[in-house]
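What follows is each chain in one-letter form.
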Amino acid sequence: MSVGAAPASPIDTEICVLGAGPAGALCARRLGELGHRVLLVERHPFPRPHIGEALTPAVWPLLDSLGLLPAVRGAGFLTPTWSSVRWADEQVRRVRLPAGTCGLTVCRGRFDQLLLDTARAAGVTVLQPARAHRPDRRAEGWEVPVTTPDGARLLRARFLVDATGRSRILGGRVTRTGPRTVALYAAWQVETRPSPPTCLEAGPHGWLWGTPLPNGTYRAMAFTDPEQLHRSGVRRSSLAGFLRSLLGGSELLRGLAGERPASAVAVCDATGYHDLDPVAEDRISLGEAAFALDPLSSSGVDKALQTAMAGAVTVHTLLDPGGDRKAALAYYRDSQLSSVEQHARWTGGHYAEHLPHRGNSFWRRRARPLPAPGPAASPAPSPSPRTSLAALMHRRVRLAPAGRLTSTPCVVGDQVALRPALTHPALPRPVAYLGGHALAPLAEALRGEHTLAEALRAWGRTLPAEQALAVAAWLYERDLLVLQP
Ligand SMILES: Cc1cc2nc3c(=O)[nH]c(=O)nc-3n(C[C@H](O)[C@H](O)[C@H](O)COP(=O)(O)OP(=O)(O)OC[C@H]3O[C@@H](n4cnc5c(N)ncnc54)[C@H](O)[C@@H]3O)c2cc1C
């Protein structure tokens, strides 16, 4: 008879977050700050390598609001100020980014560690390294078996957050949002000095991208249809040769083809997808566990952080006995769907800009020309909105007839609640607040027989004059403020 060690007792928590990438770490942090008991489980010790190193400029305000700017500025990350682009035609364009619009190239090991440190500081318990296995839903909550270096443990939680990225530990069906895509990548210790800048280049069967990394190496990636790999009979052992041939055929990155990568060439799935059921009363999926974007926009990390913020208010509302659960579920589903649709339009338009190989299947499958701009979006020179507004001051104005106030789930403080929001075909989504001010009462004030000056005076009771004027300009620019017939 063998006597084994007694099994370790289960770990009980209120919320269990699986995966400590940007989505999981930030959501755990916010929930910790909101007073919840949170356990965060990550399979790898940090810092660990991860692709997704080029972040868009949209990440700056978010990092600022999280108090992370000093740490990020001190981490030695890069802010590329220009790039070489060969996309719409065969010409190479040097694109200089205006001040304040530069993105951020990070070492993901270090960046994700910074986010995880702030989660710990917010009172989150971190179990790492610990690999989570398929969670089991029980009547009284979730059970998650985990493997740690010290042995197996069982976690029990009331609420489960899946932030395991493309691993999607909760499973569930996803809908593809674009054609199947594979990415091949490696890093080079570039011998040529200065090393190439950030490059984006379209080719016959895909596109290439490269950028210097903070550790002094150069990252290059190739995106193509999986059939290209199969057609070329590429086995894992010859991935390097295939990537070399793609680089060799390029204008901007061909220098890398003759150099040996500092890391093994890796291949991964880069297909866009979307989980149509990312939230329920006892679980939520965040970041790439919920949806994956076409990497062309480099906005995966930025979107993962946004879903973490949206996910945290959703979970907080769902766990509050007085919270509006229906509104919370609708808010999270709608915000994801609108992100995915907006992104699909953007990428489709960018693929449509590429002309030299537009007949090739890679480009045909992805190009979605943007609709021709309507009269409202016409780039024809027009006086600035404020100048035009001045001419309306003593004329009777009203809200555009198609403008409606509809009860919409919004973030109000730390929770989701229903609030009246303005909807109109010219608006991509309902707008409840502008610059922190509720829009509904302002829109209501436009229902009477008022001149613009009278409406501004009425708004002035709750808004400083300058902000009232800014709201009027915002409405006017979108054709939402029109003259009374
Ligand atoms: C080829 C390619 C290039 C990309 N380039 C960019 C780019 O330039 N810029 C950009 O912004 N985005 C890019 N992305 C997207 C970006 O990488 C992701 O959007 C981002 O990492 C998603 O963050 P996340 O927190 O959802 O998931 P992840 O960052 O993947 O984090 C998930 C975490 O969960 C952990 N985990 C997984 N399974 C388990 C388990 N069973 N138990 C415990 N822990 C687990 C993992 O170890 C990991 O730390 C790219 C994606 C691809 C495919």
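Analysis parameters
- Residues numbered from 1 in each chain as written.
- Predicted model: local features only at pLDDT ≥ 70, side-chain atom pairs only at ≥ 80, totals over all residues.
- Heavy atoms only, no water.
- 1 Å grid on protein atoms, 1.4 Å probe; cavity = no way out; pocket = protein on both sides within 12 Å on 5 of 7 lines; lining within 4 Å.
- Points joined across faces, edges and corners; volume = space filled by probe spheres on them.
- Helix = DSSP H or I, 4+ residues; strand = E, 2+ residues; numbered from the N terminus.
- Nonpolar A, V, L, I, M, F, W, Y, C, P; charged D, E, K, R; others polar.
- Domains from an automatic or database assignment.
- Buried < 20%, exposed > 50% of the residue type's maximum accessible area, 1.4 Å probe, protein only.
- Contact = heavy atoms within 4.5 Å.
- Buried area = accessible area lost by both parts, 1.4 Å probe.
- Salt bridge = Lys/Arg side-chain N within 4 Å of Asp/Glu carboxyl O.
- Pairing = 2+ DSSP bridges.
- Axes fitted to C-alpha atoms, helices over the stretch in contact; angles between N-to-C directions.
- Core = buried A, V, L, I, M, F, W, Y, C linked by side-chain atoms within 4.5 Å.

1. Some details on the layout of surface pockets
To find leftover empty space, a probe the size of one water molecule is rolled over the atoms.
Part 1 of the argument: Looking at the second largest pocket, its volume works out to about 850 Å³.
Part 2 of the argument: What lines the second largest pocket is a set of 26 residues, and nearest its centre among them are Ala310, Tyr331, Ser335, Val411 and Arg429.
Part 3 of the argument: At the level of elements, α9 (300–319), α10 (325–353) and β23 (404–412) are the ones that each hand at least two residues to the lining of the second largest pocket.
Part 4 of the argument: If you tally residues by element for the lining of the second largest pocket, the top one is α10, at seven residues.
Part 5 of the argument: In terms of residue class, the lining of the second largest pocket is built from 15 nonpolar, eight polar and three charged.
Part 6 of the argument: Per-domain counts for the lining of the second largest pocket show at least three residues from each of domain 1 (11–53 + 107–174 + 275–352) and domain 3 (380–483).

2. Describing the environment of Pro10
Part 1 of the argument: Residue position: Pro10 is located in the segment before β1 (11–18).
Part 2 of the argument: Overall, the relative accessible area of 31% leaves Pro10 in the partly exposed class.
Part 3 of the argument: Sequence-wise, Pro10 and Ser84 are 74 residues apart; in three dimensions their C-alpha atoms are separated by 54 Å.
Part 4 of the argument: With residues near it in sequence (within four places) discarded, Pro10 still touches Leu154 and Arg156.

3. Regarding the domain arrangement of the protein
Part 1 of the argument: Domains assigned within the protein are domain 1 (11–53 + 107–174 + 275–352), domain 2 (73–106 + 180–270) and domain 3 (380–483).
Part 2 of the argument: One C-alpha centre belongs to domain 1, the other to domain 3, and the line joining them spans 35 Å.
Part 3 of the argument: Listed by partner, the interface residues are 15 residues for domain 1 and eight residues for domain 3.
Part 4 of the argument: Where domain 1 abuts domain 3, roughly 940 Å² becomes buried across the two surfaces, and 58% of that area is made up of carbon and sulfur atoms.
Part 5 of the argument: Taken together, domain 1 and domain 3 are joined by one salt bridge.
Part 6 of the argument: Arg30 is paired through a salt bridge with Asp414; the nearest N and O atoms lie 3.9 Å apart.
Part 7 of the argument: Counting residues per element, the side of domain 1 that touches domain 3 draws most heavily on α10, which supplies six residues.
Part 8 of the argument: The residue makeup of the side of domain 1 that touches domain 3, split by class, is six nonpolar, six polar and three charged.

4. A closer look at the sheet that holds strand β17 (residues 266–269)
Part 1 of the argument: The strand order across the open sheet built from seven strands is β5-β4-β14-β15-β16-β13-β17, with neighbouring strands paired in mixed fashion. The sheet is open, and its two borders are formed by β5 (93–96) and β17, each paired with just one other strand. For this sheet, the mean angle separating the axes of adjacent strands, direction not counted, is 20°.
Part 2 of the argument: Here helix α6 (residues 239–248) sits on the sheet in contact with β13 (182–188), β15 (206–212), β16 (218–224) and β17, set at roughly 85° to β13.

5. Looking at the sheet that holds strand β22 (residues 396–399)
Part 1 of the argument: As summarised here, the arrangement of the three strands in space is β27-β22-β28, forming an open sheet in which the pairing is antiparallel. A strand with exactly one partner marks an edge of an open sheet, and here the two such strands are β27 (450–451) and β28 (481–483).
Part 2 of the argument: Of the pairings in the sheet, the one linking β22 to β28 comprises three bridges and is antiparallel in character. Its bridge partner lying in β28, Arg398 is registered against Val482.

6. Structural notes on the nonpolar core
Part 1 of the argument: Counting residues in hydrophobic clusters, the biggest one holds 54 residues, and the most contacted among them are Leu63, Val72, Leu104 and Phe111.
Part 2 of the argument: Among the elements that take part in this core, α9 stands out by supplying ten residues, more than any other.
Part 3 of the argument: No fewer than three residues from each of domain 1 (11–53 + 107–174 + 275–352) and domain 2 (73–106 + 180–270) sit in this core.
Part 4 of the argument: Contact partners of Leu63, with chain neighbours within four places excluded, come to Leu68, Leu69, Val72, Leu104 and Phe111.
Part 5 of the argument: If you look at the next biggest cluster of nonpolar residues, it comprises 27 residues, including Val397, Leu399, Leu427 and Leu480.

7. What about the pattern of salt bridges?
Part 1 of the argument: Within this structure, the stated rule accounts for 25 salt bridges.
Part 2 of the argument: With its nearest N and O atoms 3.6 Å apart, the salt bridge here joins Asp269 to Arg166. With Asp269 in strand β17 and Arg166 in the loop between β11 (151–162) and β12 (174–176), this residue pair connects regions lying 103 residues apart in the sequence.
Part 3 of the argument: Take Asp269: its relative accessible area is 42%, and that puts it in the partly exposed class.
Part 4 of the argument: Here Arg166 and Glu288 are joined by a salt bridge, their closest N and O atoms 3.5 Å apart. Of this pair, Arg166 sits in the loop between β11 and β12 while Glu288 sits in helix α8 (residues 287–290), placing them 122 residues apart in sequence.
Part 5 of the argument: By relative accessible area, which is 30% here, Arg166 ends up partly exposed.
Part 6 of the argument: Residue Glu288 is classed as partly exposed on the basis of its relative accessible area, which comes to 30%.

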